[in-house]
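Descriptive analysis of the structure
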Amino acid sequence: MTATTSAPVSAPAALVLEDGRIFRGTSYGATGTALGEAVFATGMTGYQETITDPSYARQLVVQTAPHIGNTGVNDDDAESRRIWVAGYIVRDAARRPSNWRSERSLDEELVAQGIVGIQGVDTRAITRHLREHKTMRAGIFSGEAAQGTDKELLDAVLASAPMEGSRLAEEVSVDEAYVVEPKDHGWEGEPRFSIAAIDLGIKAMTPVRFAERGVRVHVLPATATLEDVNAVNPDGFFMSNGPGDPATADAQVKLLRSVLDEKLPYFGICFGNQILGRALGFGTYKLRYGHRGINQPVMDRRTGKVEITSQNHGFAVDAPLDGATQAPEARYGRVEVSHISLNDDVVEGLACLDIPAFSVQYHPEAAAGPHDAAYLFDRFIDLMGDAKNADTKTATDNKTEDKK
């Protein structure tokens, strides 16, 4: 991406899709060129959390809600250290923010971070086009960059990298480990458990949700090894959401298999769900246009309840939908699809029946979004508690046998 910050807001801009469709509007945020995969997000609110979600790396996000920017941005609601969307596409950008928590306008924030956007385009038409023809490579060109011929702009899009085969988790992950303490998030007393969490593009609210429940979170880089995990002596292991093609995550799959072999309780979300699927021996595939937004309906098959969930993924696990099945990696025993999408029957969760591991494809931390899935953090805590109690019982039984 190339961007400048000095061109006027009214500079001409164009969104060019790889199939040749062009939408023209005016610049929003920085001006220049942004290349990536065009996707649409259906959330009516939470645009600041959306653009700072690392799972949107190298993507041009179309907001289906027509009016964006009216509450401005602040320093508290960002889900990571920066904006990760490669480009931003809106219909009606707010002329000025109006909210008591606003510290600056969204336009100013996009300019400050060099994010190229476009406004004044028919986002409904763009969304329908992507639904009918699938997500695809695209480019936003504004200011001087928009002055090229249609062919020149399309050639630039066609020369960009596709999302398939992209390895991005290492690009968005932290370089050094850090710890999120329960006492800093309202928990009184000693931590109940400690977990190792692999940052594949983790959202800031995820370790907070753990900490609120008394869990100390050691956040480790995407390149962490089993030795790094064992060094923090965790009660459980977690893998976060993140961008890119799960078929490229061989190192993370290898790490998870090592963790599963040690019977350490595991919980994964989004990318972490896809990695569990691969670790169990299942494949993954790219969805036509993915699930992105805070209103995605999912059924928890264990309870029969329907959850409205926050999601952001373009890939999914290819696993049998009905009943328990033997994992292709036979040493992990039986597994079942625990959650499914009510829109298209996509796998939304996996539950291992013979080892302590489960995962979901969506975002239970729900920032922004509904809190229907918050119980999953408690389910993982229960899993760690069961494992610790089992270890205690085994140790007690061994001592009894030794005395005999």
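Residues numbered from 1 in each chain as written. Predicted model: local features only at pLDDT ≥ 70, side-chain atom pairs only at ≥ 80, totals over all residues. Heavy atoms only, no water.

Section: the overall build of the chain
The following threshold applies: Elements are defined by DSSP. Helices are runs of H or I of four residues or more, strands are runs of E of two residues or more, and each kind is numbered from the N terminus. Two residues form a contact once any of their heavy atoms are found within 4.5 Å. Each accessible area is a Shrake-Rupley result for a 1.4 Å probe, and residues are judged covered by the shown protein chains and nothing else. In summary, the charge assignment counts Lys and Arg as positive and Asp and Glu as negative, without counting His or the chain termini. Charge positions come from single atoms, namely NZ of Lys, CZ of Arg, CG of Asp or CD of Glu.
Along its length, the chain carries 10 helices and 21 strands. Projected onto its principal axes, the C-alpha positions of the chain cover 85 × 45 × 40 Å. In the chain, 76% of the contacts between residues at least 6 apart in sequence involve partners at least 24 apart. As displayed, the chain has an accessible area near 17,000 Å², and 47% of this comes from carbon and sulfur atoms. Side-chain charges of the chain comprise 41 positive and 57 negative groups, with the mean position of each set lying 3 Å from the other.

A look at the pairing of strand E5 (residues 59-63)
Looking along a regular strand, one sees side chains alternate from face to face of the sheet. This is how the line gets drawn: Accessibility here uses a 1.4 Å probe with only protein chains present; expressed as a share of the type maximum, an area under 20% marks a residue as buried, one over 50% as exposed, and anything in between as partly exposed. When DSSP finds at least two bridges between two strands, those strands are taken to pair.
In terms of burial, E5 is a largely internal element, 5 of the 5 residues being buried. Along E5, one buried face is formed by Gln59, Val61 and Gln63 and the opposite face, lined by Leu60 and Val62, is buried too. Pairing geometry for strand E4 (residues 31-41) and E5, over 5 bridges, is parallel. Of the residues in E5, the one forming a bridge with Phe40 is Val62. Bridge count between E5 and strand E7 (residues 87-89): 3 bridges; the pairing is parallel.

As for the environment of Asp53
Note the cut-off: We call two N or O atoms a polar contact when they sit within 3.5 Å, provided that within protein one can donate a hydrogen and the other can accept it, with sequence-adjacent residues counted only if both atoms are side-chain atoms.
Along the chain, Asp53 turns up in the loop between helix H1 (47-51) and E5. Here Asp53 falls in the buried class, since its relative accessible area comes to 3%. Taking C-alpha positions, Asp53 is 31 Å from Lys263, a pair spaced 210 residues apart along the chain. Look past the residues within four positions of Asp53 in its chain and what remains in contact with it is Trp84, Gly201, Lys203, Asn241, Asn312 and His363. Here Asn241 takes part through its side chain, which lies 3.4 Å from a polar atom of the side chain of Asp53. Within polar-contact distance, the side chain of Asp53 engages the side chain of Asn312 at 3.2 Å.

Remarks on the side chain of Asn273
Mapped onto the elements of the fold, Asn273 is located in helix H9 (residues 271-279). You can call Asn273 buried: its relative accessible area is 0%. A polar contact is formed between the side chain of Asn273 and the side chain of Ser359, at a distance of 2.6 Å. Discounting residues that sit within four places of it in the chain, Asn273 has contacts with Gly268, Val317, Gly349, Leu350, Ser359, Val360 and Gln361.

Here we look at the packing of aromatic side chains
For the record, the criterion: Pairing of aromatic rings covers Phe, Tyr and Trp, the last through its six-membered ring, and needs centres within 6.5 Å; plane angles under 30 degrees mean stacked, over 60 mean edge-to-face, and all others mean tilted. A ring is considered to have a charge above it if a Lys NZ or an Arg CZ atom is located within 6 Å of its centre and within 35 degrees of its normal.
What the rule picks out here adds up to 11 aromatic pairs. Centre to centre, the rings of Phe267 and Phe380 are 5.5 Å apart; their planes meet at 45°, and the pair counts as tilted. Of this pair, Phe267 sits in strand E15 (residues 266-269) while Phe380 sits in helix H10 (residues 375-403), and the two are 113 residues apart along the sequence. Taking relative accessible area as the criterion, Phe267 reaches 0% and is therefore assigned buried. On the basis of relative accessibility, which here comes to 0%, the residue Phe380 falls in the buried class. If you follow Arg82 out to its NZ or CZ, it ends over the ring of Trp84, 4.0 Å from the centre. The positively charged end of Lys286 is found above the aromatic ring belonging to Phe315, 5.7 Å away from the centroid.

So, the pattern of salt bridges
This is how it is decided: Each reported salt bridge corresponds to a side-chain nitrogen of Lys or Arg within 4 Å of a carboxyl oxygen of Asp or Glu.
Applying the stated criterion across every chain, the model contains 22 salt bridges. In this structure, Arg137 engages Glu18 in a salt bridge whose closest nitrogen and oxygen atoms are separated by 3.4 Å. With Arg137 in strand E10 (residues 136-142) and Glu18 in the loop between strand E2 (12-17) and strand E3 (22-29), this residue pair connects regions lying 119 residues apart in the sequence. Between Asp354 and Arg334 there is a salt bridge; the shortest N-O distance is 2.8 Å. Pair noted here: Asp354 is in the loop between strand E20 (347-352) and strand E21 (357-360) and Arg334 is in strand E19 (residues 334-341), with a separation of 20 residues, a long-range link. Among the residues examined, Asp354 registers a relative accessible area of 40% and is labelled partly exposed. Of the residues examined, Arg334 reaches a relative accessible area of 39% and is grouped as partly exposed. Three or more residues joined by partner-sharing salt bridges are found here, namely Asp75, Glu103, Arg104 and Glu109.

So, the state of the cysteines
Basically, it comes down to this: The rule for a disulfide is simple: a pair of cysteine sulfur atoms within 2.5 Å.
Applying the stated criterion across every chain, the model contains 0 disulfides. Residue Cys270 stays outside any disulfide, its sulfur separated by 18 Å from that of Cys352, the closest cysteine. A relative accessible area of 2% means that Cys270 is categorised as buried.

Observations concerning the UniProt feature "active site" (unreviewed entry) in the chain
Put simply, the test is: UniProt positions are given in the numbering used here, feature names are shortened, and annotations may be inferred rather than shown by experiment.
Using the residue numbers shown here, the UniProt feature "active site" (unreviewed entry) corresponds to Cys270, His363 and Glu365. For this annotated set, covering 96 residues, all C-alpha atoms fall within 11.5 Å of each other, a compact arrangement in space. Mapped onto the elements of the fold, Cys270 is located in the loop between E15 and H9. Not counting chain neighbours up to four residues away, the residues in contact with Cys270 comprise Asn241, Asn312, His313, Val360, Gln361, Tyr362 and His363. Relative to the helices and strands, His363 resides in the loop between E21 and H10. When its relative accessible area of 2% is taken as the criterion, His363 is described as buried. Those residues within four positions of His363 in sequence are excluded, and the remaining contacts are Asp53, Ser55, Lys203, Asn241, Cys270, Ser310 and Asn312.

Some details on the environment of Phe237
Checked against the element boundaries, Phe237 lands in strand E14 (residues 236-239). Between the alpha carbons of Phe237 and Ser194 there is a distance of 9.0 Å; along the sequence they are 43 residues apart. With residues up to four places along the chain from it excluded, the contact list for Phe237 reads Ala196, Ile198, Val229, Leu255, Leu256, Val259, Leu264, Pro265, Tyr266, Phe267 and Phe380.

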